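So the chains spell out like this:
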Amino acid sequence: MNKLTKLFLILLALLVSGFLIYLFVKSNAKYTVLKVVDGDTVYIDFNNNGIAERNEKKGLSDIVAFKTRPGYRLNRQMKDYNLTQQEVLELGYLAWELLKEKVLNKKVKVKFTEKKKYYALLYLNEELVQDKLIESGYVVPYYRSNRYRDNSRQVEQARKLLQGRDLKEKPRAYEEKVLEKPIPDVKTENIELYFIDPTKYDKPARYCRTSACQALLREIKNAKESIYFAIYGISSQPEIFNALVEAQKRGVKVQGVTDMTEHGVNIYPDTELLIQKLGTIRTDYDFQEKHNIPNYKHKLDYQGALMHDKFFILDKKRVWTGSTNISSTGTGGFNSNVGVLIKAEPVASLYVREFNQMYNKNFHWSKELIKNNENLKLSEETLISVYFSPKHKDLMVKITELIDNAQEYIYIPIFFLTRNDIAESLVKAKERSVDVKLIVDATCAKGYYCRHRYLRSQGIPVKTENFSGKMHMKSAIIDDKHLIIGSMNWTKHGSSKNDENTLIIHNSKLVKSYKEHFIHLWSLIPDKYLSTDPKPEGPDTPGSCSDGIDNDHDKYKDMEDYDCSKP
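Residues numbered from 1 in each chain as written. Predicted model: local features only at pLDDT ≥ 70, side-chain atom pairs only at ≥ 80, totals over all residues. Heavy atoms only, no water.

Draft legend 1. Highlighting the overall build of the protein chain. Secondary structure summary: the protein chain contains 17 helices and 24 strands in total. When each of the 567 residues of the protein chain is scored for burial, the buried share is 55%. Considering only contacts in the protein chain between residues 6 or more positions apart, those separated by 24 or more positions represent 69%. Carbon and sulfur atoms make up 51% of the accessible area of the protein chain, which totals about 26900 Å². (Helix = DSSP H or I, 4+ residues; strand = E, 2+ residues; numbered from the N terminus. Buried < 20%, exposed > 50% of the residue type's maximum accessible area, 1.4 Å probe, protein only. Contact = heavy atoms within 4.5 Å. Areas by Shrake-Rupley, 256 points an atom, 1.4 Å probe, with all protein chains shown as cover.)

Rendered as structure tokens:
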């Protein structure tokens, strides 16, 4: 054996031994658990930087932990394991607490159980953490071949553990129900306004919490003959859902329309179930029927258009509308919204005409223009005009005229503002010394087309909200005289494609109250957001990292979101 061969063999032996040592060290490496999300999910600091990052979130393999929040998965666990909601929540909470006690801020060894490396086995002091959790009775084993096989014994053990147990702290999901009374923030003889304050609650509610929702619920329950509604969708508001079903059962004529994509999908998960329950809801995109119509001239107008209205017509006499969606963040109370209850048959009749068109499957540009809709006199102090997009093409002209004629102030709390004509009219108002202020939503501020940067460059104060919930109003207050309010975002799609409804109300009392609410919201937003924009989800937006909502729509929420987990 020559010298080169010997040298090669020595080097090879060194490489092999080095690799084996690396594998041994690697397999025995320990990492710190930075965060415990629930009873079977943790963040592990693989790169040793002390930050809980997206790719460091791992599920614990071979166990099922119970949920700590109401929702679809919790309901599924109730059914599959024959447990009550309270039992599921308490078991989930106890497992979460136990896992925190065992591994939080401690070093663990990790063994992955699949190629994608999302699920892992955790070892603490050579003991398998999952085994300890199963022994506690708070979780059940997960069998990949049959998920719920042979778990009855563990479930019964868990149920016994809960009997007579006095928890020191209530589970996260147990929030005391705080119901606002259906008392308007301001009212006239015919109109009631209900403001939904985005700072009042730190999380959405899966029940009818707000005064706006309670007012709607009251009206549904009191309806005698008919309820017609046009809503974007419905989610996590069982009281409204059930009230509509019960109204139909007691003989009230209940009919509705809602948004739907050409693929039969609605943004809100309870919409399809309501369609099935009532059997009297029609959507703006019945794909098969519309595409079977020869030479359907409005076919392209439906592409990307929304049925975005939010209104209820009660007994053809009263209308509940505004910017508020029927959802946990809308009527449940989290986003900044407003509800309007109008008690006037002339207004209700306009809404009935608009509703009937849509119920007869004429949406968007297929509708006929609703006439005699302007300057309805409800009292000596109140005039109201009602506009339905997209057929009322002159609506934006009406709005710019009000801005152009303003003399004292223009305050605008708005979700999205992308229209150049509105922005230019606001700049002209500023140039003639009108006090112009705007609050825009942080998701609008993220977008390229949001006009707030241009307005700021022209000296107009624009604050980007840093509420955990959205600035979801679509409104303006002008000169203690005019209130613009409705479902329509001030965008091209909002005015020219979507089904929307907008009110222009002339009543000093209502406008002054709305102005006070705007000033209240304005004062809550730090002045630094006159020149910079907070991220919708992150430390600059208090509560956004613990509200259970994907505030910036990037498919990551709370501590899963990089902006929340980074220092």
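Draft legend 2. A look at unusual backbone geometry. Geometrically, the link from Ser-389 to Pro-390 is a cis peptide bond, its omega value of 0 degrees lying close to zero. Examined against the element boundaries, Pro-390 turns out to sit in the loop between strand 18 (383-389) and helix 11 (395-404). Even without a glycine there, the phi angle at Asn-372 is positive, about 55 degrees. Asn-372 sits in the exposed class, given a relative accessible area of 70%. For Asp-480, which is not a glycine, the phi torsion comes out positive at approximately 55 degrees. Inspection of the secondary structure puts Asp-480 in the loop between strand 22 (476-478) and strand 23 (482-486). Its relative accessible area of 18% is what places Asp-480 among the buried residues.

Draft legend 3. Inspection of a positive patch on the surface at higher detail. Taken together, Arg-69, Arg-73, Arg-206 and Lys-557 make up a surface patch of like positive charges. Relative to the helices and strands, Arg-73 resides in helix 2 (residues 72-81). For Arg-73, a relative accessible area of 58% puts it in the exposed group. (Patch = residues over 30% accessible without salt bridge, like charges linked within 9 Å, V, L, I, M, F, W, Y side chains within 5 Å. Salt bridge = Lys/Arg side-chain N within 4 Å of Asp/Glu carboxyl O. Lys, Arg positive; Asp, Glu negative; His and termini not counted. Charge placed at Lys NZ, Arg CZ, Asp CG, Glu CD.)

Draft legend 4. Examining the packing of aromatic side chains more closely. Applying the stated criterion across every chain, the model contains 16 aromatic pairs. Ring centres of Tyr-228 and Phe-355 lie 5.0 Å apart, and the angle between their planes is 10 degrees; this geometry places the pair in the stacked category. A residue pair is termed long-range when its members are at least 10 positions apart, and Tyr-228 in strand 11 (residues 226-231) and Phe-355 in helix 10 (residues 345-359) qualify at 127 residues. By relative accessible area, which is 4% here, Tyr-228 ends up buried. The buried category is assigned to Phe-355, whose relative accessible area is 0%. A network of ring pairs unites the aromatic residues Tyr-409, Tyr-411, Phe-518 and Trp-522 as a single cluster. If you follow Arg-209 out to its NZ or CZ, it ends over the ring of Tyr-201, 3.6 Å from the centre. Lys-437 extends its terminal NZ or CZ atom over the ring of Trp-522, reaching a point 5.9 Å from the ring centre. (Phe/Tyr/Trp six-rings, centres within 6.5 Å; stacked < 30°, edge-to-face > 60°. Lys NZ or Arg CZ within 6 Å of the ring centre and 35° of its normal.)

Draft legend 5. Fine view of the pairing of strand 5 (residues 107-112). Both strand 1 (residues 31-38) and strand 5 contribute to a ladder of 2 bridges, which runs antiparallel. For Thr-32, the partnering residue across the bridge sits in strand 5 and is Lys-107. Where strand 5 lies against strand 6 (residues 119-124), 4 bridges are found, and the strand directions are antiparallel. Across the sheet, residue Lys-109 finds its bridge partner in strand 6, namely Tyr-123. (Pairing = 2+ DSSP bridges.)

Draft legend 6. Geometry of the state of the cysteines. One pass over the full model with this rule turns up 3 disulfides. Note that Cys-444 is cross-linked by a disulfide to Cys-450, the S-S spacing being 2.3 Å. Where Cys-444 bonds to Cys-450 through sulfur, the torsion about that S-S bond is close to 100 degrees, and the disulfide is right-handed. With respect to class, Cys-444 is no different from Cys-450; both count as buried. (Disulfide = S-S within 2.5 Å.)

By themselves, these are just geometric observations and shouldn't be taken as functional.
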